[in-house]
Structures are given as C-alpha cells and as structure tokens.
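Here is what each chain is made of, one letter per residue.
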Amino acid sequence: MSSLYAEHLSILMQRADAALAKAGFDHLLIASGVEKYQFLDDRPYPFKPNPHFRHWVPLQQHPHSWIAYTPGQRPVLVYHQPDDYWHVPPAPPEGAWVEHFDIRIIREPQEAAAHLPRGRAAIVGEADAALEGVVPNNPPVLLNALHYQRGFKTAYELDRMRRAQRRAVKGHRAAEAAFRAGGSEREIHRAYLEATGHSDLDLPYTNIIGLNQHAAVLHYQYQSPERPATPLSFLIDAGAEVDGYASDITRTYAMHEGAFADLIAAVDAEQQALCRRVRSGVDYRDLHLECHLRLGGVLRSAGIVDMDPGEMVAEGVTSAFFPHGLGHPIGLQVHDVAGRHDEEGNEIPRPAGHPYLRTTRPLAPGMVVTIEPGLYFIPLLLERLKAGPQAKHVDWAAIEALLPYGGIRIEDEVACTDGEPENLTREAFAQA
Ligand code: GLY
Ligand code: MN
Ligand code: MN
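Only a predicted model underlies this, so the values are computations on that prediction, with no experimental measurement involved.

## Quick notes on the coordination of the manganese ion (ligand 2)
Here's step 1: Around the manganese ion (ligand 2), the protein contributes the donor atoms D248 (OD), H328 (NE2), E372 (OE) and E411 (OE), which lie 2.0 to 2.2 Å from the metal centre.
Here's step 2: For the manganese ion (ligand 2), the six donor atoms are set out with angles of 50 to 159 degrees between them, so the coordination reads as irregular.
Here's step 3: All donors to the manganese ion (ligand 2) come from one chain, and their sequence spacing reads D-x79-H-x43-E-x38-E.
Here's step 4: A spacing of 3.3 Å is found between the manganese ion (ligand 2) and the manganese ion (ligand 3), which share D248 as a donor. With D248 in the loop between β9 (245–246) and β10 (249–254) and E372 in the loop between β11 (368–371) and β12 (374–376), the pair connects residues that are 124 residues apart, well separated along the chain.

## Examining the sheet that holds strand β15 (residues 422–423)
Here's step 1: One open sheet accounts for three strands, arranged β11-β14-β15; its pairing is antiparallel. Two strands in the sheet have a free side with no partner beyond their single neighbour: β11 and β15.

## Looking at the sheet that holds strand β5 (residues 121–124)
Here's step 1: Taking strand neighbours across the sheet as the criterion, the five strands line up as β4-β3-β2-β1-β5 in an open arrangement whose pairing is mixed. Strands with a single pairing partner mark the edges of an open sheet, and in this sheet they are β4 (102–106) and β5. Across the sheet, the mean angle separating the axes of adjacent strands is 15 degrees when strand polarity is ignored.
Here's step 2: Pairing geometry for strand β1 (residues 27–31) and strand β2 (residues 66–69), over four bridges, is antiparallel. Counterpart to L28 in the pairing with β2 is Y69.

## Brief notes about the pattern of salt bridges
Here's step 1: For the structure on display, the rule yields 24 salt bridges.
Here's step 2: For D336, the salt bridge goes to R150, with nearest N and O atoms at 2.7 Å. Placement of the pair is D336 in the loop between α9 (317–321) and β11 and R150 in helix α3 (residues 140–150), with a sequence separation of 186 residues.
Here's step 3: The partner of E420 in a salt bridge is R279, and the shortest N-O contact between them spans 3.5 Å. Placement of the pair is E420 in the loop between β14 (412–415) and β15 and R279 in the loop between α6 (259–275) and α7 (284–301), with a sequence separation of 141 residues.
Here's step 4: Residues joined in a network through salt bridges with shared partners are D159, R160, R163 and D243.

## Considerations on the packing of aromatic side chains
Here's step 1: If you walk through the whole model with that rule in mind, you get eleven aromatic pairs.
Here's step 2: Pairing F260 with Y405 gives two aromatic rings, centres 4.8 Å apart and planes at 25 degrees, and the pair type is stacked. Linking F260 in helix α6 with Y405 in the loop between α11 (396–402) and β13 (407–409), this pair joins segments that are 145 residues apart in sequence.
Here's step 3: In this structure Y405 comes out as partly exposed when scored by relative accessible area, which is 23%.

## A look at helix α5 (residues 185–196)
Here's step 1: Between its terminal C-alpha atoms α5 stretches 17 Å, which fits the 16 Å expected from twelve residues at 1.5 Å a residue.
Here's step 2: Inspection of α5 places E185, I188, H189, Y192, L193 and T196 among the buried residues, and these make up the whole buried set. Projection of α5 onto a plane perpendicular to its axis shows the buried side chains occupying an angular sector of 140 degrees, all on one side. In α5, the exposed positions that point more than 90 degrees away from the buried face belong to R190 and E194.

## Things to note about the pairing of strand β3 (residues 76–80)
Taken residue by residue, a regular strand's side chains alternate between the two faces of the sheet.
Here's step 1: Across the five residues of β3, five count as buried, placing the element largely inside the fold.
Here's step 2: With three bridges connecting them, β2 and β3 associate as antiparallel partners. By the bridge assignment for β3, W66 is matched with V78.
Here's step 3: Connecting the antiparallel pair β2 and β3 is a turn made up of six residues, with G72 showing a positive phi of about 90 degrees.
Here's step 4: As defined by bridge partners, β3 adjoins β4 across five bridges and the pair is classed as parallel.

## Quick notes on the site of ligand 1
Here's step 1: If you check the shell around ligand 1, you find Y205, H219, D237, D248, H328, H335, E372 and E411 and nothing else.
Here's step 2: Taking D237, its side chain carries an N or O atom lying 3.1 Å from a nitrogen atom of ligand 1.
Here's step 3: Within the side chain of D248, a nitrogen or oxygen atom sits 3.1 Å from a nitrogen atom of ligand 1.
Here's step 4: Within the complex, 91% of the 200 Å² of free accessible area of ligand 1 lies under protein.

## A word on the environment of N50
Here's step 1: With respect to the element layout, N50 can be found in the loop between β1 and α2 (51–56).
Here's step 2: Taking C-alpha positions, N50 is 5.1 Å from S32, a pair spaced 18 residues apart along the chain.
Here's step 3: When residues no more than four places from it in sequence are discounted, the contact partners of N50 are I30, A31, S32, V124 and G125.

## So, the coordination of the manganese ion (ligand 3)
Here's step 1: Ligation of the manganese ion (ligand 3) by protein atoms is provided by D237 (OD), D237 (OD), D248 (OD) and E411 (OE), these donors lying 2.0 to 2.3 Å from the ion.
Here's step 2: Geometry at the manganese ion (ligand 3) is irregular, judged from its six donor atoms and the angles of 58 to 168 degrees they form at the metal.
Here's step 3: Counting gaps between the donor residues of the manganese ion (ligand 3) yields the pattern D-x10-D-x162-E.

Reading the values: rules and limits
Residues numbered from 1 in each chain as written. Chains lettered and ligands numbered in written order. Predicted model: local features only at pLDDT ≥ 70, side-chain atom pairs only at ≥ 80, totals over all residues. Heavy atoms only, no water. Donors = N, O, S within 2.8 Å, 3.2 Å for Na, K, Ca; no water. Tetrahedral: all angles 85-135°; square planar, octahedral: opposite > 155°, others 65-115°. Helix = DSSP H or I, 4+ residues; strand = E, 2+ residues; numbered from the N terminus. Pairing = 2+ DSSP bridges. Axes fitted to C-alpha atoms, helices over the stretch in contact; angles between N-to-C directions. Salt bridge = Lys/Arg side-chain N within 4 Å of Asp/Glu carboxyl O. Phe/Tyr/Trp six-rings, centres within 6.5 Å; stacked < 30°, edge-to-face > 60°. Buried < 20%, exposed > 50% of the residue type's maximum accessible area, 1.4 Å probe, protein only. Expected span 1.5 Å × (residues − 1). Arc of directions from axis to C-beta. Near = heavy atom within 4 Å. Polar contact = N/O pair within 3.5 Å; in protein donor to acceptor, adjacent residues only side chain to side chain. Areas by Shrake-Rupley, 256 points an atom, 1.4 Å probe, with all protein chains shown as cover. Contact = heavy atoms within 4.5 Å.

Pasting the structure below:
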C-alpha cells in the first residue's frame with residue numbers, strides 16, 4: 001500500500017510542478033485551515049480540512065498544519081501538535097506516508113511561518129489561515145489546473161474510494177434491515193452509523209434517510225424519531241469515508257410488491273444501463289439527456305404519462321419527475337471540483353433547461369462520477385405540471401396512488417477506464 005501512496009505523491013508533485021510553472025510561482029503552500037467557532041461561544045464547529053491538504057496527506061483532524069512544496073525538493077509538512085490539556089492533541093505523525101515528508105512539529109500556529117518559503121509562493125487556503133507574511137492568494141491559474149487534474153484519480157485514490165464503498169455498503173445493508181423491521185428514520189440512521197463505524201460528524205455528508213413521502217425531498221435533512229404507522233418506501237442516500245475519500249450511495253426500497261416496487265426495478269435497470277455507458281470520450285451531458293429519455297420511457301411504460309419520451313423531454317415533462325442532474329465527480333469531496341470546467345477554468349456549459357447538472361466535462365480514464373437517476377412524486381412540481389398544457393397526458397389517479405411512496409433514486413459511483421467501466425458500488429454490494 002505504501003507504494004501506492006508513493007506513486008500518488010509523486011503524481012501530485014508532477015501536477016504541482018506543472019501548475020506552478022504555468023501560473024508563475026516557485027512554491028506551493030497549502031494551509032490545512034483553522035477551527036471555526038460558534039458566534040459568541042467557545043464551541044468549535046466540526047473541523048473540515050482544506051481538501052488540497054488532504055490530497056497530500058491522510059490527515060483529518062489537523063488544523064494549523066501546512067504543506068510546503070518546492071519543485072525538486074522533498075515536501076515539508078508543518079505539523080501542529082499543541083500542548084493542550086483541554087483536548088487530545090494530534091498524535092505524532094505515523095503511517096506509510098510519513099517517510100516521504102520533511103516533518104516539522106510546531107506547538108503554536110504562528111510558528112509555521114518560520115518553516116514556509118517566501119518569494120513567489122502560491123498559497124492555497126482560506127483567508128483565516130493567514131500568518132504574518134503568509135497570506136493565502138489562491139491563484140486562479142494554479143487552482144484551475146490542480147482542480148482539473150483532481151478529476152483523474154490515482155491508483156491510491158481509487159483504492160481508498162473502493163474501501164469507502166465497502167464501508168458504506170455495510171451501513172446500507174443494516175439500514176435496509178432496520179427499515180424492514182419497521183424502524184423510524186432515526187433508528188435506521190443509528191443502525192447505519194453503527195454498521196459503518198461512523199459518527200454523525202465524520203460522515204462525508206449528512207445522511208438522507210427518508211421514509212414514505214420524505215423520499216420525495218431531494219436533500220431531506222431530518223431523521224424523524226416516529227415510526228410511521230405504515231412504512232411503504234425507504235430512500236437512503238448515505239456514504240462513508242476512508243482516508244478522506246468519500247462514497248455517495250443511494251438505494252430505494254419498497255416494503256411490498258406493487259406499482260412502486262415495479263417502478264424501482266425499472267429505474268434500477270435504466271440506472272445500470274447508464275452506468276455501463278461511462279466510457280472515455282463520452283460527453284456526460286449526453287448521458288444526462290439520455291437519462292431523461294430513458295425515464296420518459298419508464299413513465300410511459302408505467303402508464304403515468306402518455307406521450308412520446310422525446311416529446312416529454314423536449315417539453316420539460318420529465319424534469320417534473322427528475323429535477324436534478326445525473327451526477328457529479330466524487331473523490332476528496334462528495335461533489336468534487338471541476339465537474340464543469342476545463343483546465344483553464346473555462347466553464348463547459350450545461351444543456352439549456354438543465355440548471356442543476358454538475359458534470360459537463362467529457363469523461364476520461366481515471367474520472368469517477370456518480371450516476372444517480374431519480375423519479376419522484378414531488379407535490380410542488382406536480383402542481384406546476386397539472387397547471388400546464390401537458391396535464392392532459394398525465395394519469396393523475398396513478399400519481400395520486402404513488403404520492404405516499406415519495407420517490408426513487410439509485411446512485412452508484414462509476415470509474416471511467418480505457419475500456420469497460422468499473423462500477424465501484426455494485427462491486428462492493430456484490431462482495432458484501
Ligand atoms: N448525496 C448528495 C448527492 O447525491 O449528490
Ligand atoms: Mn451524489
Ligand atoms: Mn447521494
């Protein structure tokens with residue numbers, strides 16, 4: 001594993017060399033960040049380090065630390081390890097990565113300044129990480145280049161992402177069992193945490209655990225403690241993290257056979273077909289539009305909308321049922337950087353009428369994207385559809401019967417390769 005990390009670090013150094021040369025800098029300084037406190041209080045918010053910092057070192061709970069890299073030299077890690085008897089300070093650095101750094105331990109945040117090279121330095125971090133004479137400048141030319149490159153995962157990163165899948169799948173299995181046992185959203189959430197070994201604070205994003213109509217809320221943010229009288233459906237969008245790398249998985253379950261269970265199966269079939277289309281050179285925008293067409297086919301086959309799928313897409317009918325984008329790049333961040341920009345930072349436009357699509361750059365080997373079609377019964381959007389000219393093509397009685405089930409989303413992570421795509425999520429489920 002250490003050789004995977006060594007190769008990863010050497011790729012990061014090559015990318016930094018190129019980005020520094022392009023942007024006209026001699027050094028790359030990366031601040032991990034500082035803890036942020038609640039207003040008028042002494043309670044910090046959970047610390048989330050600068051993702052650029054986590055790209056170089058697998059450290060999560062390390063405010064006031066820095067990476068300093070000068071091309072041709074061993075990278076420096078300025079490691080903040082305070083004398084603190086109120087909290088547990090960071091342990092001494094350990095792991096296979098340590099041998100690759102010149103490590104300088106500091107006790108006070110401002111001591112870092114003495115270890116950071118000056119001159120033409122690109123300083124990446126939030127404004128509040130500034131030290132005397134070391135003020136983050138976040139040069140756009142450098143950041144655009146690094147962000148674009150972050151789209152291409154190293155073998156080390158893919159390894160961590162596969163582990164993050166396996167960790168999440170344990171939670172998904174436990175959550176499904178808790179749903180089938182009649183658990184509340186909160187009970188299901190706790191079963192997920194227990195099975196993954198996560199706490200609420202170190203999840204890569206807040207779990208979405210929706211029973212019945214809550215499954216229609218795209219980013220449903222509560223976990224009700226009430227057990228529903230009649231559990232019908234369950235949508236879980238939940239991930240896990242390994243060494244700073246995220247997974248982001250969604251599954252939808254029906255308690256009983258019937259029209260909603262059939263719809264889940266139909267969306268699942270289309271989702272898997274779309275996953276297989278993740279290939280080098282494919283324009284992700286085309287996949288998104290193809291998804292609309294496929295979902296139009298599902299709506300027609302299910303007898304919900306009586307229109308040609310192409311017309312449904314052209315007239316915005318599918319968007320009433322699928323109002324988000326097909327997916328996004330994922331890695332150090334759940335919604336990873338540079339999904340819609342080229343190496344120079346130029347925006348690659350979304351198709352007209354699709355304002356939430358997060359990925360527009362062409363797929364290439366090493367990229368990992370989510371494929372997450374959905375089909376929801378969202379009262380707000382259905383009311384608009386009902387008020388429009390297409391309402392006459394919709395079977396409103398069928399919709400009425402499906403409203404209590406909320407909706408469906410199925411989400412996997414898929415790695416683009418030189419050949420067949422690798423579905424990281426399905427493989428983790430198959431191994432579990
Ligand atoms: N979990 C948020 C998303 O799927 O993008
Ligand atoms: Mn996602
Ligand atoms: Mn998700």
